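Architecture at a glance
So the chains spell out like this:
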Number of protein chains: 4
Amino acid sequence: MIFLKANSPMSKLSVAIYGASGYTGFELVKILLRHPFVEIIALTANANAGQLLSDLDPALPALPLVNAEQVDTSQLDVAFLCLPHAASASAAQGLLNAGVKVIDLSADFRLKDLATYEKWYKVTHPCPELLSSAVYGLTEFARAELRGAKLVANPGCYVTSVLLGTAPVLQKGWVAGNIIADSASGVSGAGRAPKQNIHFVEVAENYSAYSIGQAHRHLPEMLQQMRLWSPTGQAELVFSPHLLPISRGILSTIYIPLVGAPTLADIHLLYEETYRGEPFVQVLPAGQTASIQHTVRTNRCSIGLTLVGNLLIVTSSLDNLVKGASGQAVQNMNAVFGLPETTGLLP
Amino acid sequence: MIFLKANSPMSKLSVAIYGASGYTGFELVKILLRHPFVEIIALTANANAGQLLSDLDPALPALPLVNAEQVDTSQLDVAFLCLPHAASASAAQGLLNAGVKVIDLSADFRLKDLATYEKWYKVTHPCPELLSSAVYGLTEFARAELRGAKLVANPGCYVTSVLLGTAPVLQKGWVAGNIIADSASGVSGAGRAPKQNIHFVEVAENYSAYSIGQAHRHLPEMLQQMRLWSPTGQAELVFSPHLLPISRGILSTIYIPLVGAPTLADIHLLYEETYRGEPFVQVLPAGQTASIQHTVRTNRCSIGLTLVGNLLIVTSSLDNLVKGASGQAVQNMNAVFGLPETTGLLP
Amino acid sequence: MIFLKANSPMSKLSVAIYGASGYTGFELVKILLRHPFVEIIALTANANAGQLLSDLDPALPALPLVNAEQVDTSQLDVAFLCLPHAASASAAQGLLNAGVKVIDLSADFRLKDLATYEKWYKVTHPCPELLSSAVYGLTEFARAELRGAKLVANPGCYVTSVLLGTAPVLQKGWVAGNIIADSASGVSGAGRAPKQNIHFVEVAENYSAYSIGQAHRHLPEMLQQMRLWSPTGQAELVFSPHLLPISRGILSTIYIPLVGAPTLADIHLLYEETYRGEPFVQVLPAGQTASIQHTVRTNRCSIGLTLVGNLLIVTSSLDNLVKGASGQAVQNMNAVFGLPETTGLLP
Amino acid sequence: MIFLKANSPMSKLSVAIYGASGYTGFELVKILLRHPFVEIIALTANANAGQLLSDLDPALPALPLVNAEQVDTSQLDVAFLCLPHAASASAAQGLLNAGVKVIDLSADFRLKDLATYEKWYKVTHPCPELLSSAVYGLTEFARAELRGAKLVANPGCYVTSVLLGTAPVLQKGWVAGNIIADSASGVSGAGRAPKQNIHFVEVAENYSAYSIGQAHRHLPEMLQQMRLWSPTGQAELVFSPHLLPISRGILSTIYIPLVGAPTLADIHLLYEETYRGEPFVQVLPAGQTASIQHTVRTNRCSIGLTLVGNLLIVTSSLDNLVKGASGQAVQNMNAVFGLPETTGLLP
């Protein structure tokens, strides 16, 4: 029997979404409405307080949006934070003090090193004392810490595609040198606020690189985890994001120089063993490469493997709003509360 | 011999574009750079003064953008106005006083009736005394007045597609009742400023109606011209615009009840006679319907004819930025100065 | 207690999909895999027999595709037919003889009049004796006949959008004259077999009309039902389909001349009453128009109402593969077996 | 004075396009119709002989398509071949024998090594004796040989983007190891014949890798030229093509390990010197990366430079149908006949 709350078998978790007016908030609402053990108690969106969610997107249900101050946190079991960085950490602090578990979709608790965070995000962290206790929620590699965790840092979208695609060879110590991750993302990754560079006419019929090399904020997050996995503690990465003329989905093509001359069969076996039994990681048969349509609107990450000499080429795809954000957040919530991880999620 | 200026055979026209930072401005620059008798003297964009055009769109040349006040109007032969309504009329007034011919791409001089203008655009017209002398530049039907004209009101994009598609039967008196124009436009018609409804994610994989019925500002402009053409002075129209997930192009499907039981052959002949020799109006063979790809990036309007009982269905397509805006503006400039109308334009 | 089979409470229905290698087949698989009372027994695809479904689309599960002859029909409760016309009717006949209920997604049993069928589809009907007993499965209007039905003709995609958008005023006798339905569909409606006109490059950045007027096969299907609803037995329709550069979704903008001068409030009330309690028909608040994003990937039809004089303009959107095909097919299966209609479907 | 033909100053070149029914043929027609020194004499398309070009694409002019056997080659100055490989070489042989200059857009004369050609293209070459005399027409690096050449092998689309992006550092001997070219192409690169993988629904909302590593036919073509440029004769390359959901354009993101620790300023200077005065190669200012919209529908290749440690990241974009095919073919024709290279082309 599953006890979601003390003394309350199978009762529902009371959930709030902070920052429900963006694409990750929308996706969370869609997922959580299908989740059998969740009751959405409150959706906050300070700039839209008083409106209905369906006013923002008529495909969504007519749920009220409130100001964060209106939420009675004493009723909450868990809060998802889809807020801008810094704002998210501030909100987390209050919620944790009120005994609410927090799953933070912002970057605020992903980087363990305060200086690295403040360098890349150019803000003073509101509560650096929480950094060390936050669980970095790449679910497949964090289950032990997730169980019962109070604060979960949900990984970035690009990050999830690159880390799941490189974990097996990194952990095994097979990586010989610098990794190059050439990634392409749909436009929803840039958020819902209108900007010139995501105007329809600027994106349609186009494809462009941005922040390539070592200029994107997801780079330090990838490196932090890669170095934890690497037996030597060393890892280097060049990361080149691109903007695709589609709404959702990420494909990362990752170039990894290997040591020890493993065969493709060796590598394939390693990936299959690493991800055996994982409901949301699919290692494709040899000879197949990942594509965005394989995974869009699912919580799955699809991984293809190609070997050229000693260079492993991994293709890794996922939906940036699902496994790259809100789906993984729900997977993490399930892990925190001891629910089957697939509850409410499409494999 | 063509005299563009008094005593100056074949010299070039000195041209300024006011409001060069939007899509119609961009398109004008591209067309005018190919025009053998034009020299661009100035591009204004008050919010971007000091920048280069290539800073806004790297596919464009590195021409300087200036504040409108910096333009020496004494050097100009002609100015194209791509400004918001009301701002456009104000600028026109000053330019006309300086002896510069004006081709206005805004709505400010399209409607002859001041009250209608002020009702639909919700502003006080800065110079209503100019309304009567402005030439309504649907080129194919305005050549006589265009020659030497001082002020040209360039028609709206939807309007051009609907008027060219209905002119022959309206002029002939064959229209029996209310016309319905069901139109679909690419997103560039909504302008370059970022807004929620033209965010890539809102438009992609979508198709939606807006301002349908009698709520769109292009309706009174269509009706004004239709009633001038109609032998009875009467015409009624329902106009239903839709937003397409493409960057440019308009297709109007127009339903016209007819009197007198003409055959499709009769109607086809009427359209061919009306547009015989027109370089920019293509009457498709019977059985074909217009499509946006027929006309995009050209100054052509393509017209298909289908008859069902006494209902004529016209499909009319054009590029909203070319024949629907900047291309027709250049066609009008050519007509004003007695140049071959096709100069600088792709048929 | 629900008895799906005699003496077998809550056991699962054994289902086969004939013609599982097209888009409606794919969509049926996705829906039925989520359906708690269904077990998929067989997927046929004669040209792909021996392959896995995932060979055709890696996002689908690795289910085997077999030749229709390999299916043991004695095990089946219900078969969905996604076959070409004529082939579908032939298959239906055999299945019905074997006691299997049939839900046919082809056009073979939609038209009650044999001559009309043979004129539009240009084939000899294999089993015209079945036409009279087939239930036309526009679910919202066919529940009584659906319960226990042996053969269901699932409506066409365009047809569903137009009929749901016009039923209330037709049934009420408020329609004064010819209806015009101007519809736009995503490309999946044209099927999965490669053809020149659905090559990516032909469709992208394009929008075009085809078979407009009275040339599309969905026209007689619409008229048949409209005349059944009309108190006078009369109805006339012009239908103009267009091809959108998107994968899925239909928006119909329907122009209906009315008698009796009802107000928009009257009409809105009529639609709300007609569809009160319907889980899959959404009447939008006055002032809103339907858009494809409202309904895509759901089984919902969304309806907006606008009144201009005595002309009602209905916007009606749905997903052509869901409510326009496979979703409605499952809704019909639910109705046939007395299951809650929403089982397995997203509202 | 320009002599296009002996004794015939400024007369026009008589041109035929063989294989005019595909996208490169269409693009050639559009370009050549704007070319002041060209007269199109014949368009061949054996499967469409007897039809008009406008029957295939109504946006094109109504020029007749004939069978190749109907062309009077004695009238021709130059022929463009847009035929499948092997068919192209056969046609070339006959045309050269008739004294017609040939610009071949197929792969038949690109590879100098017969065995390499036959391995990758899996056919017997019809006329291997012509391989040595064919000029490899990467125009910017082949001008001397192009002047007066009889047979020009027009480079592949991906190849042009990668070679122009790597030439300066390769020639300079600055490349320290394996190059990785991660490229993305619009769908027109896959040709006009309908196939499952370029069905609109398969491509839209998708992004996928194919033939990655060392499996694509453009790889040996790139390596052949890279090794000619490299001072050591050595070069290694991994090439990973991807399919974009757009109609046209290529962006290559190229990772090049460097020796000798040049600064970004050094590299930028090297690229600027290499391409100084080139009308169709644009080296972007430091800090900018190339995008497809920079170059689409032009004959330009746009190059951006980023340096990360000793890894140079080049972004290189062009239009696969223009600089990647038909535009460069016309540029080559201009070079062959001593015309200004920009004639008829948009910079």
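Regarding a positive patch on the surface
A surface patch of like charges, here positive, comprises Lys30(A), Arg34(A), Lys30(C) and Arg34(C). Among the structural elements, Lys30(C) can be located in helix H1 (residues 23–33).

Some points on empty space enclosed by the protein
A complete count under the given rule lists 4 cavities of 30 Å³ or more for this structure. As a volume, the largest cavity reaches approximately 320 Å³. What lines the largest cavity is a set of 23 residues, among which Pro245(A), Pro245(B), Pro245(C), Phe200(D) and Pro245(D) lie closest to the centre. Grouping the constituent residues of the lining of the largest cavity by class yields 16 nonpolar, 3 polar and 4 charged.

Some points on the pairing of strand E13 (residues 250–257) of chain C
All names here are of chain C. In terms of burial, E13 is largely enclosed, as 8 of its 8 residues are buried. On E13, burial covers both faces: Ile250, Ser252, Ile254 and Ile256 on one face and Leu251, Thr253, Tyr255 and Pro257 on the other are all buried. By the bridge criterion, 6 bridges tie strand E10 (residues 179–185) to E13 in an arrangement that is antiparallel. Within the sheet, the bridge partner assigned to serine 183 lies in E13 and is serine 252. As judged from the 8 bridges shared by E13 and strand E16 (residues 311–318), these two strands associate in the antiparallel manner. Bridging from a neighbouring strand, proline 257 pairs with leucine 311 of E16.

Quick word on the nonpolar core
Core analysis: the biggest nonpolar cluster contains 94 residues, and Phe80(A), Met333(A), Phe80(B) and Met333(B) have the highest contact counts within it. In contact with Phe80(B), not counting residues within four places along its chain, are Val15(B), Ala16(B), Ile17(B), Tyr18(B), Leu28(B), Leu32(B), Ile103(B), Leu105(B), Ala329(B), Val330(B) and Met333(B). Judged by nonpolar contacts, the second largest core, of 93 residues, contains Phe37(D), Leu56(D), Val152(D) and Ala335(D).

Some thoughts on the relation of the copies chain B and chain D
For these two chains of identical sequence, chain B goes onto chain D by a turn of 180° and a shift of 0.0 Å along the axis, with RMSD 0.0 Å. Such a combination of rotation and displacement between the chain copies is what one expects of a two-fold axis. Considering only C-alpha atoms, the part of chain B nearest the rotation axis is Glu205(B), at 4.2 Å. A high fraction, 100%, of the interface residues of chain B reappear at the interface in chain D, so the copies pair face to face through one surface.

Concerning the domain arrangement of chain A
Residue and element names in this part refer to chain A. In terms of domain boundaries, chain A breaks down into domain 1 (13–133) and domain 2 (158–320). Relative to domain 2, the C-alpha centre of domain 1 lies at a distance of 27 Å. Counting residues at the interface gives 15 residues for domain 1, matched by 12 residues for domain 2. Contact between domain 1 and domain 2 buries roughly 1200 Å² in total, counting both sides, with carbon and sulfur atoms accounting for 53%.

With respect to the packing of aromatic side chains
What the rule picks out here adds up to 24 aromatic pairs over all chains. When the centroid spacing of 5.2 Å and the interplanar angle of 10° are considered together, the rings of Phe200(C) and Phe200(D) count as stacked. Taken together, the residues Phe200(C) in helix H7 (residues 200–203) and Phe200(D) in helix H7 (residues 200–203) connect one chain to another. Overall, Phe200(D) belongs to the buried group, its relative accessible area being 3%.

Basis of the calculations
- Residues numbered from 1 in each chain as written.
- Chains lettered and ligands numbered in written order.
- Predicted model: local features only at pLDDT ≥ 70, side-chain atom pairs only at ≥ 80, totals over all residues.
- Heavy atoms only, no water.
- Patch = residues over 30% accessible without salt bridge, like charges linked within 9 Å, V, L, I, M, F, W, Y side chains within 5 Å.
- Areas by Shrake-Rupley, 256 points an atom, 1.4 Å probe, with all protein chains shown as cover.
- Salt bridge = Lys/Arg side-chain N within 4 Å of Asp/Glu carboxyl O.
- Lys, Arg positive; Asp, Glu negative; His and termini not counted.
- Charge placed at Lys NZ, Arg CZ, Asp CG, Glu CD.
- Helix = DSSP H or I, 4+ residues; strand = E, 2+ residues; numbered from the N terminus.
- 1 Å grid on protein atoms, 1.4 Å probe; cavity = no way out; pocket = protein on both sides within 12 Å on 5 of 7 lines; lining within 4 Å.
- Points joined across faces, edges and corners; volume = space filled by probe spheres on them.
- Nonpolar A, V, L, I, M, F, W, Y, C, P; charged D, E, K, R; others polar.
- Buried < 20%, exposed > 50% of the residue type's maximum accessible area, 1.4 Å probe, protein only.
- Pairing = 2+ DSSP bridges.
- Core = buried A, V, L, I, M, F, W, Y, C linked by side-chain atoms within 4.5 Å.
- Contact = heavy atoms within 4.5 Å.
- Least-squares fit on C-alpha atoms with pLDDT ≥ 70 in both.
- Domains from an automatic or database assignment.
- Buried area = accessible area lost by both parts, 1.4 Å probe.
- Phe/Tyr/Trp six-rings, centres within 6.5 Å; stacked < 30°, edge-to-face > 60°.

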